[in-house]
Amino acid sequence: MIAFVFPGQGSQKRGMGQGLFDEVREYVTVEQHVDSILGYSMRKLCLEDPDNRLKETQFTQPSLYVVNALHYYKAVSQGTRPAYLAGHSLGEYNALLAAGVFDFLTGLRLVKKRGELMSQAKNGSMGAVIGLGASAIAKVIKENGLASLDVANFNAPSQTVVSGPVEDIKRAGPFFEKAGARMYMPLQVSAAFHSRYMADAAKAFADFLAPMSFAAPKIPVVANVTAQPYPADNASESVKSLLANQVTHSVQWNQSVRFLISQGVAQFSEIGPGNVLTRMVQQIQQEKDS
């Protein structure tokens, strides 16, 4: 049983999508619409990134959504069909696209708005804690005056990302390392994603989603917020609620992968540029079996 998993921010790189923009028929037919919606050439941004904008979240999100979709359409054209779908943060939009919840251009409009709203959050950052479990991280936060930090991503049993104000992210390192972390690494991001500090963006995004209508997933999609499939009942409202909540809630990637394994998924196929999720899945599988 195969699960398609789609990466999120951090997987972007200049040159991504090389060869796919002309090869994927589904994209060729809508490319003019894509550039019209965005106000710039998606192809040029991904392949050349002339203004060094790929790292800015309002550009990262649409570009990764498009390139993930190119990889997906190519995989499907080669006959691969997944039993389950999941995506890490932004990648969840590609999972929903693949499940037929919305069409390609609707998804593009969603991630464009999401990226714009998230880019407005300031003075926040994120840090990766390697080699320390979630309960130990919670203890460090509680005992060292780090209550301003939230856990943003539960990526793997010993890989967790925290979010918070820039200064607190900087000063947290020695506390985590003293508690036994192998490494603490502040990340090059512009805001404290997946935390309480994104509340304004989440509220504005919920308002943006409110008048829309979405279809029930044709293939189960595991949600970041719950590590469970999107509900089939009251599907449209569930999609809106989960996507808005995802902006402020932790990405439950470790639990999502464990759920998929429990359902009989034996093969995880990363659909997009890079291999970030492939490495995480391998780590989860190894630590689950050890």
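In what follows, the structure referred to is the one given above.
These numbers come from a predicted model, not from an experiment.

What counts and what doesn't
Residues numbered from 1 in each chain as written. Predicted model: local features only at pLDDT ≥ 70, side-chain atom pairs only at ≥ 80, totals over all residues. Heavy atoms only, no water. Helix = DSSP H or I, 4+ residues; strand = E, 2+ residues; numbered from the N terminus. Contact = heavy atoms within 4.5 Å. Buried < 20%, exposed > 50% of the residue type's maximum accessible area, 1.4 Å probe, protein only. Pairing = 2+ DSSP bridges. Axes fitted to C-alpha atoms, helices over the stretch in contact; angles between N-to-C directions.

**Focus on the environment of Leu 242**
- By the secondary structure assignment, Leu 242 is in helix H11 (residues 235-246).
- Once the C-alpha coordinates of Leu 242 and Val 67 are considered, the two residues, 175 residues apart in sequence, prove to be 23 Å apart.
- Those residues in contact with Leu 242, other than ones at most four positions away along the chain, are Ala 223, Val 225, Thr 226, Tyr 230 and Pro 231.

**What about the environment of Val 30?**
- Locating Val 30 in the fold gives a position in the loop between helix H2 (25-28) and helix H3 (31-38).
- What makes Val 30 buried here is its relative accessible area of 16%.
- Beyond its immediate chain neighbours, meaning those up to four positions away, Val 30 contacts Phe 104 and Leu 105.

**Notes on the sheet that holds strand S8 (residues 267-270)**
- Spatially, 4 strands are ordered S7-S2-S1-S8 in an open sheet, and the strand pairing comes out parallel. Edge positions in the sheet fall to strand S7 (221-222) and S8, since each of these pairs with one other strand and no more.
- Sheet topology note: the strand S1 (residues 2-6)/strand S2 (residues 84-87) ladder contains 4 bridges and is parallel. Residue Phe 4 lies in a different strand from S2, and its bridge partner there is Leu 85.
- Along the sheet face, helix H12 (residues 253-262) touches S1, S2, S7 and S8 and points at about 170 degrees away from the line of S2.

**What to know about the side chain of Ser 89**
- Its place among the elements puts Ser 89 in the loop between S2 and helix H6 (91-98).
- Beyond its immediate chain neighbours, meaning those up to four positions away, Ser 89 contacts Arg 114, His 194, Asn 224, Gln 246 and Val 251.

**Comments concerning unusual backbone geometry**
- Unusually for a residue other than glycine, Asp 49 sits at a positive phi of about 45 degrees.
- Turning to its location among the elements, Asp 49 is positioned in the loop between helix H4 (42-47) and helix H5 (57-77).
- In this structure Asp 49 comes out as buried when scored by relative accessible area, which is 4%.
- Of note, the phi angle at Ala 227 is positive, near 60 degrees, even though the residue is not glycine.
- Of note, Ala 227 is situated in the loop between S7 and H11.

**Focus on the pairing of strand S5 (residues 159-165)**
- The buried count for S5 comes to 6 of 7 residues, which makes it a mostly enclosed element.
- The pairing of strand S4 (residues 150-156) with S5 spans 5 bridges and is classified as antiparallel. Bridging from a neighbouring strand, Asp 150 pairs with Ser 163 of S5.
- The hairpin formed by S4 and S5 contains 2 residues between the paired strands.

This is a description of form; function is not addressed.
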